[in-house]
Every structure is written in structure tokens, then in C-alpha cells.
Amino acid sequence: MPGLYDSENGLYTPAQLTKIRSYMKSELDRSMRMLKRPGHPRPYFLSYLFRNHRRETFWGRLGAIMEHVVQAQNNVFCDVRVGSYRYDNVAEGGLHEDPEKQESYDYIPMPAECHEDAFKYGLWRLTDARYREAAEEFYERRSRELHFVDANRQLPSRVRRSPVTALKSSRFEEIDVDYWRHLVRKAGAVTRKHTAIKTSWVDFTASHRQSLYVDSEGSEQLRQQAVFELRAHLWLLPADGKAVLQELNLIEGDLHDLPSEKDFVKLIEERIRLLGTLEKAPHLHAYSGPVLLSPGAAGLFFHEVIGHRLEGSRLLSAEEGATFRDLQGKRIAPRFIDIVDDPTKRTFRGRSMIGHFLFDDEGNPARRATLVERGVLESFLTGSGPLPGQRELNGHARNAYHERPISRMGNLFVVNREPVAPAELRERFLEEIRRQKKKYGIWVKETLGGETGTSSYDFQAFKGEIMHAVRVFADGREEPVRGVDFVGTPLSALDAILCMGDDDTLDNAWCGAESGTLPVSTIAPSALLRNLELQAKRRESLTQYAMPLPYEQGARRGA
């Protein structure tokens, strides 16, 4: 398999990146001079964001490597702004653009090799198409204003800034192919003796990305990032046909933060034992009452409840519900809670945060954003333009590939000013169960992911998918349960928070939204809620397999 810096299927060396940057600057200058058509708006701003992305995956099952794939991709996001800083072609915060249907979408990929003519040809074709599309968007925006009032018409489309140059680079460490093939085999073989598990797999993925940014204001920036994922998937089909799933999703920004082979195998064995417990656990159909969220579940809760709704690009769209639009300066959470997004932080207690970046995808310097202080809403995440009631920018605009960059979370910190020790937090949980005269409360230990709706024509609600929960009775007894997810609406959910723990924990994950799927980090402690609703998962029952596993008889004999 090719190494990280393979000439056609890998990353670029520092010398090659310098050449690519010179091609981009040359073509950008030429485009700004020549892009003009009589009677049509001229570009006032142009930027290129080049990404060189390599992804290597080892995927296996039951002790065998099923697939070992290396994928490399070079592409450029080209932003052409026509009109002026005061008024340009980007409408509604860019949330509703559909670039997949545009001509330029086909021109985003760039050559695998560092070849001047081929690269400049790609930039020419992409830029020419993007200019024509920008002009069309400009006229569409003007035309729409004949029928509808733009409530944000007085806001500048973009803020001119001083150029920033940051071009420091370093070489990534090579991947130990033999070690990861061995680990995937070893970890995958663990499930062979557990024949109740009908589907399982293990994989390791190493993603390396280099990004070069240049723009017509003079900024030149180089960014590098690596993300490593070690995962295990375990699927069991109980007699009732209602499948039980456990997943390990270990995502790190530093290879050395992943567990050792021994520790990873131990984690899989723990999940196998948990599957056996959950197989016999009763189903819940619905619940409303006290809920204790573990740090990971609490992080997901805040990410879905408040994180997406504080992405300021949404305030520029009439189609967004904008839950917190008119609440700036007002209390939206308990006084003991601060919420901050700070992508400039690299680590938390020694672990790398994958939501880290120093410049966003519009070339803006990333800054610490205090979103909520002592429960009061202070600000929103921004891109390169101001928001209603907020002129200060904090550099959070990001995208994954072809999408318009919008303001997105990076490193979201939920800070508890009044931390409660674990024993006291549990006692308060039990007290709340008794106070409400409930038979039990729910302790959400692990979640798989979540989703939320922010549009004005839909429900303003959120959902968290539960992977492991127990019900805790008023006398302290615990019993595992399955079959439910937590749901709610933002304002009532925030109002229900009673207290939070002292066990702040980092969770690295991927977040999807209009501008693509991006790496994010969330740091949060446990949280006790007075009330949260749980609803049933899909109740589909599957029939059992017609035949046993081919190795089942041998496994029973201890083979």
C-alpha cells in the first residue's frame, strides 16, 4: 500500500504545497483582473480553499481483514462574491444554496499530481463557472426583493479584513500498517466465540488533511489535521426479534490517544457482556420524569439543544425558526451554566480535540466565543459577516467540500459554575424521583448520536439516540432498560436542568449540517434534569435466521 506521501495517492510534501499555493495565487490574480462582462456585476472578492485529503481504512470481521482501502482526493472550494462588501450574491446566510445542481460542482476535483498546467486549468474552469453562478445568484437576490422584504438588508454581506499569513507546516507520522491490520484481526476474532452476536465488525480509519487558503484580500494560510477512528460494531438478535446494538466509536486527534490492543479488546468484551444484559432487559414504551445524563449524553444534549441554534448564519434566513433570535441578553439556562465555543484550544486534559482550528474556511481567525454566561445568552457563532445585534466576528464558518461555509461549532465547552460531586448528584437524583412520586428515574449512560430541527416550518425539537440506559428506583435499585430515545424542545429542556456534576469529559465526534459533516468536540459534565421525555424506538421485530452460524457448533465445543 502507498505511504502517506505517495505521489499520486497521498498527501503533498511541503515543497509541493508551496507550488500549489503559487498556482492558486497566480490564477486568483488573473481572475480578479479578467473576470468582467459589460453590464454585469464584477467580483469584489475571490478565494480558493484547496484540500488534499487522504483516508486509509482497515475493516475486518471475525479475525479476517475484509478490506484495506486507501483513498486520496484533491479538491478546491472556490468562493466568488460579486457586487460589494455592502451587498453581494449570498442570500439567507448561504443556508439554502444547492451547489450539487450547479455546473461548478463537476469542476471541484483537482489533479492528483502537482502539475502546473493541469492545476491551473482546473482552477480556470471552476472559477469561470462560479463567477457566472454568482452573477445569477446576485440577480435572483435582487429579484426576490421585488416580492419579499429582506429583514437583514441593512447588514453588510461581508466585512473587509486585514490579510493574515500563516504557512507553518510539518510532516505527519506514517501509519504502522502491520500493527493496525493485526489489531483489527485480533479484536474482530473476539466475537467468534459469542454466537449470539450475529453481526460484528471492527475498523480503524486514519484521515489526514492538508488545506491551503488564499484570497483576494491577501490572506495565505496552511492548515493540517489528522483524525483517527477505532470502532467496533456488535449486533445481537434476541428471541423477541428486537435487535440490540452496541458500538464503540473512539475518535481522537492524536494516534497515541487511542487504546492499546489489550485495552481495546477489553472494551469489546465489556460491550459483549452488556449486550447479554440488555438482551434480557425490559422495553420502555414511553417515559417523562427525572433523567440523569452521563457526561457524553449531556454533551450531546447541549450540542443538539443549543449548539446548532447558536450558529449565527441561521439568523440570516427567514426559513429558520431562530429559537434564540430575540433572547440575546436574556436568561435561557440556569445561572450556574456558561457555554463557550473555543476552537483555538488544542487539547483537554492531555487529549487532542478534533474541533480545533486557528482559521475558519473563509480565512477568518478563529476566536473564543462566549455564547452563554451565567445562563444569559451573550452571542452567536459567526462567519465573515455581522449578525442582527452582533457586529463582533469570531471565525466559525466551515464547510466539508462544496457547500457554502456557515457558522458551525468547533470546541463546545459546557462550564458548570456549581459542580456537584458524584455521590451528591446521585442523591439529588433519588430525591427528585421521590419528590415527584415517580417509581423510577432514567439514567442515560451512553448515546449513539442525535438530531435537531431548526427550520421555521418544522417542529423545534431535538432527539438523542440512547444506546445504554438504566432505570433507577427510588430506593436506589438499578435495572437496565432498552427501546427508548430522549426527545424534547429547547427552551423547556434547558429550564429543566437542576444541577450538573464535576466530571467534565471530552467527546470527539462528527456533526452534520447544511455545510457538510465536520469534526467537533464537546466538553460537558453529567446533568440532572427535572423532566425529560423518552419515546419508543422503532418497534420492528425481525425473524430469526433459518440456519445457525457456520462456526456455531465449534464455538460451543470450545474450539
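What you are looking at is a predicted structure, and each value in this text was computed from that prediction instead of being measured. (Residues numbered from 1 in each chain as written. Predicted model: local features only at pLDDT ≥ 70, side-chain atom pairs only at ≥ 80, totals over all residues. Heavy atoms only, no water.)

Engineer: Go over the sheet that holds strand β8 (residues 337-341) with me, naming the residues and quoting the values.
Structural biologist: Across the sheet, 6 strands lie side by side as β12-β11-β8-β15-β22-β21; this open sheet has mixed pairing. Looking along the sheet, the strands with just one partner apiece sit at the ends: β12 (376-377) and β21 (505-513). Where strand β15 (residues 411-416) meets strand β22 (residues 516-524), 3 bridges bridge the pair, whose relative direction is parallel. For Phe-413, the partnering residue across the bridge sits in β22 and is Ile-523. Strands β8, β11 (369-373), β15, β21 and β22 of the sheet are contacted by helix α5 (residues 295-307), whose axis makes an angle of about 125° with β22. (Pairing = 2+ DSSP bridges. Helix = DSSP H or I, 4+ residues; strand = E, 2+ residues; numbered from the N terminus. Contact = heavy atoms within 4.5 Å. Axes fitted to C-alpha atoms, helices over the stretch in contact; angles between N-to-C directions.)

Engineer: An account of the nonpolar core is requested, with residue identities and associated values reported.
Structural biologist: The biggest cluster of nonpolar side chains holds 52 residues, and the ones touching the most others in it are Leu-293, Phe-301, Phe-302, Ile-306, Ile-442, Phe-486 and Ile-497. Per-element accounting of this core gives the leading share, 7 residues, to α5. Sequence-distant contacts of Ile-442, defined by excluding residues within four places in its chain, comprise Leu-284, Tyr-287, Pro-290, Val-291, Leu-292, Phe-429, Ala-469, Val-470, Arg-471 and Leu-534. Membership of the second largest hydrophobic core comes to 33 residues, among which are Phe-204, Phe-228, Leu-236 and Leu-250. (Core = buried A, V, L, I, M, F, W, Y, C linked by side-chain atoms within 4.5 Å. Buried < 20%, exposed > 50% of the residue type's maximum accessible area, 1.4 Å probe, protein only.)

Engineer: Give me the layout of surface pockets: which residues, what numbers.
Structural biologist: Its volume calculated, the largest pocket comes out at about 1400 Å³. Elements represented by at least two residues in the lining of the largest pocket include exactly β1 (43-61), β4 (197-215), β5 (220-236) and β22. The dominant element in the lining of the largest pocket, judged by the number of residues it contributes, is β5, at 8 residues. When the residues that make up the lining of the largest pocket are grouped by side-chain class, the tally is 18 nonpolar, 14 polar and 12 charged. In this structure, the second largest pocket spans a volume of roughly 1200 Å³. Along its surface, the second largest pocket is lined by 47 residues, and Thr-447, Leu-448, Asp-507, Asn-508 and Ala-509 are the ones closest to its centre. Residue assignment for the lining of the second largest pocket shows that the elements contributing at least two residues are β5, β6 (244-252), α4 (261-279), α5, β16 (440-452), β21 and β22. In terms of residue count, β21 provides more of the lining of the second largest pocket than any other element does, 9 residues in total. (1 Å grid on protein atoms, 1.4 Å probe; cavity = no way out; pocket = protein on both sides within 12 Å on 5 of 7 lines; lining within 4 Å. Points joined across faces, edges and corners; volume = space filled by probe spheres on them. Nonpolar A, V, L, I, M, F, W, Y, C, P; charged D, E, K, R; others polar.)

Engineer: Explain unusual backbone geometry to me, and be specific about the residues and the numbers.
Structural biologist: Positive phi outside glycine occurs at Arg-374, with the angle close to 50°. Tracing the backbone shows Arg-374 in the loop between β11 and β12. With phi around 55°, Lys-437 is a residue other than glycine that occupies positive phi space. Mapping Lys-437 onto the fold places it in the loop between α6 (422-435) and β16.

Engineer: Explain the side chain of His-402 to me, using residue names and the numbers behind them.
Structural biologist: Note on placement: His-402 falls in the loop between β13 (397-398) and β14 (406-407). A distance of 3.5 Å separates a polar atom in the side chain of His-402 from a polar atom in the side chain of Glu-100. Sequence-distant contacts of His-402, defined by excluding residues within four places in its chain, comprise Phe-77, Pro-99, Glu-100, Tyr-105 and Ile-108. (Polar contact = N/O pair within 3.5 Å; in protein donor to acceptor, adjacent residues only side chain to side chain.)

Engineer: Can you lay out the packing of helix α1 (residues 14-34) against helix α2 (residues 116-144) for me, pointing to particular residues and giving the numbers?
Structural biologist: Contact pair α1 / α2: the axes reach a minimum separation of 10 Å and the direction vectors enclose 40°. Taken as axis vectors, α1 and α2 run oblique relative to one another. Along this stretch, α1 crosses α2, giving a crossing that reads as right-handed. Between α1 and α2, the contacting residues are Ile-20, Tyr-23, Met-24, Ser-26, Glu-27, Arg-30 and Ser-31 on the first element and Glu-116, Phe-119, Lys-120, Leu-123, Trp-124 and Thr-127 on the second. (Parallel < 35°, antiparallel > 145°, perpendicular 65-115°, else oblique. Left-handed = near helix turned anticlockwise from the far one by under 90°.)

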